[in-house]
Structure formats: C-alpha cells, structure tokens
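# Working through the structure, step by step
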Amino acid sequence: MKNKLFSLFAVIVMACLGFWLGIKVTMPAPRVIETTRMEECLNLYRDYRSDPDQSKLAISLAGLSLTPKDFQEIIDRFIYYRSRKSSMNQAMQLLEAFRMGLDIKVSEVHSISAFASEPFRLDAEILAVFEVRPDLIEKAFEG
C-alpha cells in the first residue's frame with residue numbers, strides 16, 4: 001500500500017514538474033518596458049508649448065537620440081490615445097500581452113527609427129506612461 005502511494009505521489013510530482021518545465025520552455029520571456037524616454041518627450045513637449053524655440057527642441061531631442069519627425073510621431077500617438085478613451089481598455093490588454101513577451105501583430109505600424117524591430121514597442125511605452133504617470137500627460141497637454 002505504501003509503495004503504491006509513493007508511486008502515485010512520484011507520478012504526480014513528475015507530472016507537475018514536467019508541466020512547469022514545459023511552460024517555462026515554451027512561454028516567451030517577459031519584456032521590460034522603459035518609460036523614461038517617453039516621459040522626457042512629454043516634458044519637452046510641455047516646454048515647447050510654453051517656448052516654441054525649435055532649435056532648442058532639436059538640441060534636446062538629439063540628447064534623446066530622436067529626430068523631430070520621431071518626436072512628432074510620439075506626440076501624435078499620445079494625442080491619439082488621449083482622444084480614443086473608449087479603446088484604451090483594449091490597448092491596455094495589448095500592453096499586458098506585450099509585457100508577457102507575446103508577439104503582437106498590428107494592422108498599422110507606427111514606429112520611430114529606434115523601435116523599427118518591434119512594431120508595438122512605441123505604443124507599449126506610450127501606454128505604460130498612461131498607466132504609470134497620468135499626471136505627466138495632463139501637465140503636457142492641458143497645462
């Protein structure tokens with residue numbers, strides 16, 4: 001009887017270990033989403049709205065390795081997500097899937113030169129700012 005219980009226990013432990021190992025091997029690695037560059041873009045946008053000196057903006061953008069076109073694309077994406085509050089829940093679900101490491105196939109790609117390899121990366125960083133620093137977005141666009 002003890003031998004059968006031990007065998008059953010060993011089979012259950014091995015099955016659980018195999019299941020755990022299978023998940024670890026097949027699941028993609030989670031991604032870390034850094035928001036500092038997007039937060040800095042919002043700060044630059046706020047400063048630019050109060051002082052529209054394009055040369056000063058270009059110098060600041062060069063420090064972030066961004067072009068003025070990249071900056072415009074980033075601000076346009078922030079405006080897009082701010083104006084489309086109804087789709088924000090779906091976008092946040094996509095953000096969670098992206099964080100888990102899943103590949104997201106998008107129908108329309110908005111990318112900047114630094115994120116050409118991952119099409120959803122730009123949107124993920126922008127959405128993460130909505131999640132982490134909504135006060136910064138309000139200051140940039142309403143201040």
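Data block above holds the structure.
Residues numbered from 1 in each chain as written. Predicted model: local features only at pLDDT ≥ 70, side-chain atom pairs only at ≥ 80, totals over all residues. Heavy atoms only, no water.

## Quick look at the overall build of the protein
What counts, and what does not: Here a helix means four or more residues in a row that DSSP labels H or I, a strand means two or more in a row labelled E, and each is numbered from the N terminus. Buried residues are those whose accessible area, probed at 1.4 Å on protein chains only, stays under 20% of the maximum for their type, while exposed residues exceed 50% and partly exposed ones sit between those limits. Between two residues, a contact is recorded if the distance between any of their heavy atoms is within 4.5 Å. Note on areas: Shrake-Rupley, 1.4 Å probe, and residue coverage restricted to the protein chains presented here.
Helix and strand counts for the protein come out as seven helices and zero strands. When its helices and strands are written in sequence order, the protein yields α-α-α-α-α-α-α. For the protein, the residues scored as buried account for 33% of the 143 residues in total. Taking all contacts inside the protein whose residues are at least 6 apart in sequence as the whole, residues at least 24 apart take part in 76%. For the protein, the accessible area works out to roughly 9,500 Å², and carbon and sulfur atoms hold 60% of it.

## What to know about the pattern of salt bridges
Applicable threshold: Any Lys or Arg side-chain nitrogen located within 4 Å of an Asp or Glu carboxyl oxygen qualifies as a salt bridge.
In the structure shown here, the tally under the stated rule is seven salt bridges. Between Arg 99 and Glu 96 there is a salt bridge, and its shortest N-O distance comes to 2.9 Å. With Arg 99 and Glu 96 both in helix 5 (residues 88-99) and three residues apart, the pair spans about one turn of that helix. For the salt bridge of Asp 135 with Arg 133, the shortest nitrogen-to-oxygen distance reads 3.6 Å. Overall, Arg 133 belongs to the partly exposed group, its relative accessible area being 28%. What you see here is one network of salt bridges that share partners, running through Glu 39, Arg 133 and Asp 135.

## Here's the deal with helix 6 (residues 121-132)
Applied cut-off: For a helix, the expected span equals 1.5 Å multiplied by the residue count minus one.
The terminal C-alpha atoms of helix 6 lie 16 Å apart, and with twelve residues this matches the ideal 16 Å at 1.5 Å per residue to within 8%. With respect to burial, helix 6 is a largely interior element, ten of its twelve residues being buried.

## So, the environment of Pro 30
Relative to the helices and strands, Pro 30 resides in the loop between helix 1 (2-26) and helix 2 (36-50). Not counting the four nearest positions on each side in its chain, Pro 30 is found in contact with Arg 99, Met 100 and Gly 101.

## Here we look at the packing of aromatic side chains
Filter applied, for reference: We call Phe, Tyr and Trp rings a pair once their centres come within 6.5 Å, taking the six-membered ring for Trp, and we label the pair stacked below 30 degrees between planes, edge-to-face above 60, and tilted otherwise. Two thresholds decide whether a charge sits over a ring: the Lys NZ or Arg CZ must be within 6 Å of the ring centre and within 35 degrees of the ring normal.
Counted according to the given criterion, the structure contains four aromatic pairs. Each ring, one from Tyr 45 and one from Phe 141, has its centre 5.1 Å from the other, and the planes form 45°; the classification is tilted. One end of the pair, Tyr 45, is in helix 2; the other, Phe 141, is in helix 7 (residues 134-142), with 96 residues separating them in the sequence. Take Tyr 45 and Phe 141: they sit in the same class, and that class is buried. Aromatic rings pair up to connect Tyr 45, Phe 78, Phe 130 and Phe 141 into one cluster. Arg 31 extends its terminal NZ or CZ atom over the ring of Phe 98, reaching a point 4.1 Å from the ring centre.

## So, unusual backbone geometry
Positive phi outside glycine occurs at Ser 65, with the angle close to 60°. Inspection of the secondary structure puts Ser 65 in the loop between helix 3 (54-63) and helix 4 (68-83).

Purely spatial values, then, with no claim about function.
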